[in-house]
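Notes for the structure review
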Amino acid sequence: MAMTLAASAEDTEDTREAAPGPTYDLDRVRADFPILAQKVHGRPLVYLDNAASTQKPRAVMDAIAACYGEYYANVERGVHTLSQRSTAAREGAREAVRRFLNAPSAEEVVFVRGTTEAINLVAASWGRRHVGPGDEVLITELEHHSNIVPWQLLCEERGALLRVAPIDDRGEVILEELDRLLSPRTRLVAVAHVSNALGTVNPVREIAARAHEAGAVVLVDGAQAAPHLRVDVQALGCDFYAFSGHKVYGPSGIGALWGRRELLEAMPPWQGGGGMIRTVSFAGTTYAPPPHRFEAGTPAIEAAVGFGAALNYLTALGLPAVGAWEAELLALATERMAAVPGLRLIGTAKEKAAVLSFTLERIHPHDVGTVLDREGIAVRAGHHCAQPVMERFGVPATTRASFGLYNTREEVEALVAALHRARKLFG
Amino acid sequence: MITSMNDLRDLYQEVILDHNRQPRNFGPLATASHRAEGSNPLCGDKVTVLLDLDAGRIRDIAFQGAGCAISTASASLMTEALKGQTVEDARRLFHVFHDLLTTGDIRDREGSPELGKLAVFTGVREYPMRVKCATLAWHTLIAALDQKQDQPVSTE
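Keep in mind the model is a prediction, meaning the values are calculated, not measured.

**Observations concerning the overall build of chain A**
When helices and strands are tallied, chain A shows 15 helices and 17 strands. For chain A, whose C-alpha radius of gyration is 22 Å, the value lies close to the compact-globule estimate of 22 Å for 427 residues. Its C-alpha atoms give chain A principal-axis dimensions of roughly 75 × 55 × 40 Å. When each of the 427 residues of chain A is scored for burial, the buried share is 57%. Pairs at least 24 apart in sequence give 73% of the contacts found in chain A among residues at least 6 apart. As displayed, chain A has an accessible area near 16700 Å², and 52% of this comes from carbon and sulfur atoms. For chain A, the separation between the mean place of its 43 positive charges and that of its 50 negative charges on side chains is 4 Å.

See below:
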């Protein structure tokens, strides 16, 4: 992944002078997102909170509207036409996820509410069966709370130990330390593909190879990677990959867990109900094969359809093109922000995705957030559900600007200008 | 641009900016008889309010901690307003201040101490997400006052 990213950054470098801007038509793309064309506090909206959630293109809204307006019914169990169409549409979205991840089979794609639920599913199902007293789960210091707490709960319940590979001052995982912590007791390594608080792109392929050598299974939290770089689960060599619909320009309340077939097949259900069984009797119940074994109850049908539409939209633009444009915005913002007095970037890894976390000397992030909001600029201020990261860098919180495929150079300039004004106000 | 900065001046009044830059009564209080710690887990703001109470009166007051401009200035102005006041008046002022931020009602209650400089927080009401910043120190004050008189001050 890192290689792909570096290559696209170079492409961008080569073409910057000749043809600045993305390879796609930014005005047309922005027109696909009706929410962007509004004013906030009398100023044009500058939406830079994409790492928290992304806005939705018309294609996603249309797909959801078509589901409701044309063929909606419950899925899987109906013999009538609408049920079959609904089922086909949802399974079409599953196939879209498979393509998006380059997974070998759509049967390895489980629909979930989001990345958090995907990780909890693996902890509850795979974890309870494979992690026992004295075993270890290894994570890194830069994880989001959703890739920490499920493992804490599991380890507490099973008498296992949670190990944490530290990061360095740039926000990169120290691989030698990770090596040191890997042992025959390590059952699972859970790692973010991209850090939500720092933007660091982790060398997941490398980490997975080392973990496998130690006999551990590898889960990748891809929530922050999927919108920015092409994910190929086979090339990464991981065992589970989780991501969320709402961060890839799709609906909230939907996401996907990809798992290696042999692992999923050996995993017990984690929730019981309709749709996940083969036969039910009071003498004993047998379960459906994956993915349905892990999808009890009526699912989020229209959200799955919207999710598929979002992935198709993103794929049509091309993730290399999106990633290259975002890398250009990130480079511009990084350069401009270096000129803001008292600004400290938190997270300066060599490989970064479109996240800029920073502090301003003597100005609290919440004050920065309020000042920017009055300028129509939406950013996140806080600990970003990554309190250990904040502690590592000795800050209570940061302000985070995160870019998406529709952001512009002018928006970066607006952000930087507003930061200069914030300094003046509080100076 | 100019409009939005003027707009912001309603929130970040000069008095607030000044107390954020140079908080008053900030630091330890050797004679403290009461203390309480308050925090806002969502944004990470932390404040400790220290009181030296004597015969139902706040003889001295100080605060420590780290937070945004609104919470720092609020704590600072609170200590200025309360030094020398009776505990009863401090509790009344808490309610007056709370009403100011939540309902915008700035008429002083009958018999209550006057808001005085605390009225600079009127603009916070327009920023619902920031009301909790302005009230953190005050809630912590009430927690400190509710401490039993003979309870030793924790020094951890």
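**Quick notes on the domain arrangement of chain A**
All names here are of chain A. The domain architecture assigned to chain A consists of domain 1 (2-48 + 318-426) and domain 2 (60-315). Taking the mean C-alpha position of each, domain 1 and domain 2 sit 28 Å from one another. Across the interface of domain 1 and domain 2, roughly 2800 Å² is buried in total on both sides, 59% from carbon and sulfur atoms. For the interface between domain 1 and domain 2, the tally reads two salt bridges. Between Arg 392 and Asp 169 there is a salt bridge, with its nearest N and O atoms 2.8 Å apart. When contributions to the side of domain 1 that touches domain 2 are tallied by element, the ones reaching two or more residues are helix 12 (319-337), strand 14 (355-360) and helix 14 (387-392). By residue class, the composition of the side of domain 1 that touches domain 2 is 21 nonpolar, nine polar and seven charged.

**Quick notes on the interface of chain A and chain B**
Across the boundary between the two partners, chain A contributes 17 residues, which contact 23 residues of chain B. Our enumeration of links across chain A and chain B arrives at one salt bridge. There are eight residue pairs in polar contact (both at pLDDT 80 or more) connecting chain A and chain B. Of all the elements in the fold, those that place two or more residues in the side of chain A that touches chain B are helix 13 (365-374) and helix 15 (409-426) of chain A. Ranked by residue count, the leading element in the side of chain A that touches chain B is helix 13 of chain A, at five residues.

**Points about the nonpolar core**
Counting 145 residues, the largest nonpolar core has Tyr 241 and Phe 243 of chain A together with Phe 121 of chain B as the members making the most contacts within it. Here the element with the most residues in this core is helix 5 (residues 131-145) of chain B; it accounts for 10 residues. Residue contacts for Tyr 241 of chain A: discarding those within four places in its chain leaves Leu 101, His 193, Val 220, Gly 222, Ala 225, Ala 226, Val 231, Val 233, Leu 236, Ala 256, Leu 257 and Trp 258 of chain A. By size, the runner-up hydrophobic cluster in this structure holds 27 residues, among which are Trp 126, Val 131, Leu 154 and Val 217 of chain A.

**Some thoughts on the packing of helix 13 of chain A against helix 15 of chain A**
Two quantities define a packed helix pair, namely the angle between the helix axes and the distance between the axes. Residues and elements named next belong to chain A. Their axes nearest at 10 Å, the elements helix 13 and helix 15 cross at an angle of 120°. Taken together, helix 13 and helix 15 sit at an angle that is classed as oblique. Between helix 13 and helix 15 lies a crossing whose hand is right-handed. Between helix 13 and helix 15, the residues in contact are Asp 367, Val 368, Val 371 and Leu 372 and Leu 415, Ala 418, Leu 419, Ala 422, Leu 425 and Phe 426, respectively. Residue composition of the contact of helix 13 with helix 15, grouped by class: nine nonpolar, no polar and one charged.

**Some points on the sheet that holds strand 10 (residues 255-259) of chain A**
Strand pairing in a sheet relies on backbone hydrogen bonds, with the paired strands running either antiparallel or parallel. Residues and elements named next belong to chain A. With mixed pairing, seven strands are arranged side by side in an open sheet as 4-10-9-8-7-5-6. In this open sheet, the two edge strands, each paired with only one partner strand, are strand 4 (109-112) and strand 6 (161-165). Ignoring which end each strand starts from, the neighbouring axes of this sheet average 20° apart. Of the pairings in the sheet, the one linking strand 4 to strand 10 comprises four bridges and is antiparallel in character. The partner of Val 109 across the bridge, within strand 10, is Trp 258. Where helix 4 (residues 81-101) meets the sheet, its contacts fall on strand 4, strand 9 (240-244) and strand 10, and the angle it forms with strand 4 comes to roughly 115°. Where helix 5 (residues 115-130) meets the sheet, it contacts strand 4, strand 7 (186-192), strand 8 (217-221), strand 9 and strand 10, and its direction lies at approximately 155° from that of strand 9.

**Description of the pattern of salt bridges**
What the rule picks out here adds up to 43 salt bridges over all chains. One salt bridge connects Arg 392 of chain A with Glu 141 of chain A, and the closest N-O pair in it is separated by 3.9 Å. Here Arg 392 of chain A, found in helix 14, pairs with Glu 141 of chain A, found in the loop between strand 5 (136-140) and helix 6 (149-158); they are 251 residues apart in sequence, far enough to count as distant. Residue Glu 141 of chain A is classed as buried on the basis of its relative accessible area, which comes to 17%. One salt bridge in this structure joins Glu 88 of chain B and Arg 92 of chain B, with 3.0 Å as the shortest N-O distance. Pair noted here: Glu 88 of chain B and Arg 92 of chain B are both in helix 4 (residues 87-102), with a separation of four residues, about one helical turn. Here Arg 92 of chain B falls in the partly exposed class, since its relative accessible area comes to 29%.

**Regarding helix 5 of chain B**
Because an α-helix packs 3.6 residues into every turn, residues spaced three or four apart end up facing the same way. All names here are of chain B. End to end, helix 5 covers 22 Å across 15 residues, agreeing with the expected 21 Å (1.5 Å per residue, within 8%). The principal kink in helix 5, of about 30°, is found at Ala 137. With 12 of 15 residues buried, helix 5 lies mostly within the body of the structure. Structurally, helix 5 contributes buried residues whose contacts are with strand 1 (34-40), strand 2 (45-54), strand 3 (57-66), helix 3 (69-82) and helix 4.

**Here's the deal with the confidence of the model for chain A**
Per-residue pLDDT for chain A has a mean of 94; in total, 95% of the residues score no lower than 70. Overall, residues 1-19 of chain A carries pLDDT values under 50, and its contacts beyond four positions in sequence, including any with other chains, amount to 21 contacts.

Procedures and definitions
Residues numbered from 1 in each chain as written. Chains lettered and ligands numbered in written order. Predicted model: local features only at pLDDT ≥ 70, side-chain atom pairs only at ≥ 80, totals over all residues. Heavy atoms only, no water. Helix = DSSP H or I, 4+ residues; strand = E, 2+ residues; numbered from the N terminus. Rg over C-alpha atoms; globule rule 2.2 N^0.38 Å. Buried < 20%, exposed > 50% of the residue type's maximum accessible area, 1.4 Å probe, protein only. Contact = heavy atoms within 4.5 Å. Areas by Shrake-Rupley, 256 points an atom, 1.4 Å probe, with all protein chains shown as cover. Lys, Arg positive; Asp, Glu negative; His and termini not counted. Charge placed at Lys NZ, Arg CZ, Asp CG, Glu CD. Domains from an automatic or database assignment. Buried area = accessible area lost by both parts, 1.4 Å probe. Salt bridge = Lys/Arg side-chain N within 4 Å of Asp/Glu carboxyl O. Nonpolar A, V, L, I, M, F, W, Y, C, P; charged D, E, K, R; others polar. Polar contact = N/O pair within 3.5 Å; in protein donor to acceptor, adjacent residues only side chain to side chain. Core = buried A, V, L, I, M, F, W, Y, C linked by side-chain atoms within 4.5 Å. Axes fitted to C-alpha atoms, helices over the stretch in contact; angles between N-to-C directions. Parallel < 35°, antiparallel > 145°, perpendicular 65-115°, else oblique. Left-handed = near helix turned anticlockwise from the far one by under 90°. Pairing = 2+ DSSP bridges. Expected span 1.5 Å × (residues − 1). Bend = angle between axes of the 7 residues up to and from the residue. pLDDT = per-residue confidence, 0-100.

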